[in-house]
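Chain and residue survey
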Amino acid sequence: MKKKINIHFITVSAFAVLITALASMLLFYGIFQDQVFDDIRAYAHVIQPLDKQFWEQETHLLRLEEDGLRITLIAENGTVKYDSSMDEGQMDNHSRRPEIQEALKKGEGTAIRWSATSSLHTLYYAQRLPDGAVLRVGKDSQNIAQILRHMAVLVVALSLVI
């Protein structure tokens, strides 16, 4: 009888740890996502007044790449005028991208989606400029996926210990 009660207690405890860990992961993911959006919003505000020639300097492009950041300047009609990681002449029209549509309507917009250019999930922040164009800053989210993987390993390890 004691053995059966102990097994039930261990099962319930492991289930509680698992549910708590999953809830924590979702909470921390949301907090992390908010922080990344705040960061790229700040980057956009700093970058916005800078001249395009400043962005194209080799040292600045290397820094953007090291930080996993991407800058795109999009005309009001969706034509890509500049991109820090790809030849803008080969890029599709961006007028249907949700963050661009939102920025054109509300002044700023955000989105998270798979980027065909970087082959990663990317968080985007877009800001409408006074001339009607849109400045978009993207941050690759490879780090977010790594955090979730590390948390999952921790959850499994704790579940096995308990």
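Residues numbered from 1 in each chain as written. Predicted model: local features only at pLDDT ≥ 70, side-chain atom pairs only at ≥ 80, totals over all residues. Heavy atoms only, no water.

1. Description of helix α1 (residues 2-47)
Helix length check: α1 (46 residues) gives 66 Å between terminal C-alpha atoms against 68 Å at 1.5 Å per residue, within 8%. Ser13, Ala21, Met25, Gln33, Val36, Phe37, Ile40, Ala44 and Ile47 are the residues of α1 that are buried. (Helix = DSSP H or I, 4+ residues; strand = E, 2+ residues; numbered from the N terminus. Expected span 1.5 Å × (residues − 1). Buried < 20%, exposed > 50% of the residue type's maximum accessible area, 1.4 Å probe, protein only.)

2. Considering the pairing of strand β2 (residues 80-83)
Pairing between strand β1 (residues 69-74) and β2: 3 bridges, direction antiparallel. Following the sheet pairing, Thr72 is matched in β2 by Asp83. Here β1 folds back onto β2 in antiparallel fashion, the turn holding 5 residues, of which Gly78 has a positive phi close to 100°. (Pairing = 2+ DSSP bridges.)

3. Examining the pairing of β1
Taking burial as the measure, the 6 residues of β1 include 6 buried ones, the bulk of the element. A two-sided burial pattern is seen for β1, the buried positions comprising Leu69, Ile71 and Leu73 on one face and Arg70, Thr72 and Ile74 on the other. Here 6 bridges tie β1 to strand β5 (residues 134-140), and the two strands are oriented antiparallel to one another. Within β5, the residue paired with Ile74 across the bridge is Val134.

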